[in-house]
Amino acid sequence: IRDRSTWVLEKELDELENKISLLVRNRITVQQIIAESSGLLREIDKRASTDSSIHLKEKKAIYSEFLQLLLGDCNYLAQLFQLIEPRDRDLLVQTTVFTLFGDQYDARIHNQLLRLFESLVKLEFEDCLEMGSALRANTAITKLMTAYCRRGEGSDLLKRVLNAPITEICHQDQLVLEMNPLKVYQQIVSSSEVRTGSSSGENPLPPEDVENDSRVRDEMTRRADALQRLSEECLSSFIDALPSFPYGIRYISKCIGALARTKFGDNDSRKVNCLIGGFVFLRFFNPGLCTPD
């Protein structure tokens with residue numbers, strides 16, 4: 001429910017941003033927007049009043065039959081994901097996850113959604129020429145995967161898994177992991193001046209010579225070790241949590257592996273595992289780390 005409310009608010013915000021953009025670009029007035037909206041509402045009311053109750057029932061029956069066909073055979077919806085225009089991807093993804101298959105605690109609906117994923121992955125591999133490029137682009141299919149992984153069970157698991165490593169990082173007030181050599185050099189000089197209370201007096205190094213400075217190399221080595229240690233702790237937390245992974249994410253991973261072996265053969269299991277790992281990291285871990293809200 002919380003995710004669906006967020007989507008509705010984001011949609012209303014996008015509409016408001018579009019109107020503001022029109023105000024700036026076309027210099028239309030607020031009164032014009034209100035007048036146009038009022039005319040649209042009057043037209044809707046006028047048309048609604050002319051429809052008889054029998055006509056309305058017929059429309060509802062046709063719409064209900066349409067939904068039954070759409071949800072009864074996932075291939076229809078899978079083909080729609082292949083044909084959708086880029087500007088309509090987000091709306092289709094959110095409608096699919098939060099409306100058509102919004103009840104994540106209904107086993108039947110959840111299984112239908114997983115069958116949709118299986119159909120989508122199959123279509124993806126049909127058009128894929130090499131394994132390394134599969135499920136990498138920012139398409140409607142990958143967006144749907146990301147939205148699905150951020151639902152209740154996946155979100156709760158990420159919170160449990162990341163709690164310990166992120167808490168440790170937040171408690172290290174002196175932790176600095178900047179790895180840009182030029183910025184590292186500037187931080188070293190600045191820290192020295194703060195510590196001594198006077199200007200260092202040294203001539204700034206040219207950017208191309210910064211990496212050769214022994215102080216920069218030593219500091220970058222220390223930071224790289226700290227970064228590797230923290231990364232290994234996060235990875236270990238994820239690995240330890242594998243038995244608790246939501247069924248849906250494990251099912252999609254299984255489909256990706258099986259369809260990849262069918263399409264490209266089982267000669268390189270490492271590439272297949274990398275493809276599955278790419279799905280889990282790019283569509284599950286990474287969004288939770290980069291955009292936790």
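Residues numbered from 1 in each chain as written. Predicted model: local features only at pLDDT ≥ 70, side-chain atom pairs only at ≥ 80, totals over all residues. Heavy atoms only, no water.

## A short note on the packing of helix 11 (residues 247-264) against helix 12 (residues 269-290)
Taken N-terminus to C-terminus, the directions of helix 11 and helix 12 make an angle of 145 degrees; their axes are 9 Å apart at the nearest point. The element helix 11 and its partner helix 12 pack so that their crossing is right-handed. Taken together, the residues of helix 12 that come into contact with helix 11 (itself represented by Ile 249, Ile 252, Ser 253, Ile 256, Gly 257, Ala 260 and Arg 261) are Val 272, Asn 273, Leu 275, Ile 276, Phe 279, Val 280 and Phe 284. (Axes fitted to C-alpha atoms, helices over the stretch in contact; angles between N-to-C directions. Helix = DSSP H or I, 4+ residues; strand = E, 2+ residues; numbered from the N terminus. Left-handed = near helix turned anticlockwise from the far one by under 90°. Contact = heavy atoms within 4.5 Å.)

## Section: the packing of aromatic side chains
All told, the structure shown has six aromatic pairs when counted by the stated rule. Aromatic side chains Phe 245 and Phe 285 sit 6.0 Å apart centroid to centroid with 85 degrees between the ring planes, which places their arrangement in the edge-to-face category. Of this pair, Phe 245 sits in the loop between helix 10 (214-240) and helix 11 while Phe 285 sits in helix 12, placing them 40 residues apart in sequence. Judged by its relative accessible area of 6%, Phe 245 is buried. One aromatic cluster is present, formed by Phe 238, Phe 245, Phe 284 and Phe 285 through successive ring pairs. (Phe/Tyr/Trp six-rings, centres within 6.5 Å; stacked < 30°, edge-to-face > 60°. Buried < 20%, exposed > 50% of the residue type's maximum accessible area, 1.4 Å probe, protein only.)

## Things to note about the pattern of salt bridges
Going through the model one piece at a time under the given rule, you end up with six salt bridges. Across the pair Glu 219 and Arg 222 runs a salt bridge whose closest N-O atoms are separated by 2.5 Å. Taken as a pair, Glu 219 and Arg 222 lie in helix 10 at a separation of three residues, close to a single helical turn. Since its relative accessible area comes to 18%, Glu 219 is described here as buried. On the basis of relative accessibility, which here comes to 46%, the residue Arg 222 falls in the partly exposed class. In this structure, Arg 223 and Glu 219 form a salt bridge, with 2.9 Å as the shortest nitrogen-oxygen distance. With Arg 223 and Glu 219 both in helix 10, this residue pair falls four residues apart, about one helical turn. The pair Arg 223 / Glu 219 is uniform in exposure class, with both members buried. Among the charged side chains, a network of salt bridges with common partners joins Glu 168, Arg 229 and Glu 233. (Salt bridge = Lys/Arg side-chain N within 4 Å of Asp/Glu carboxyl O.)

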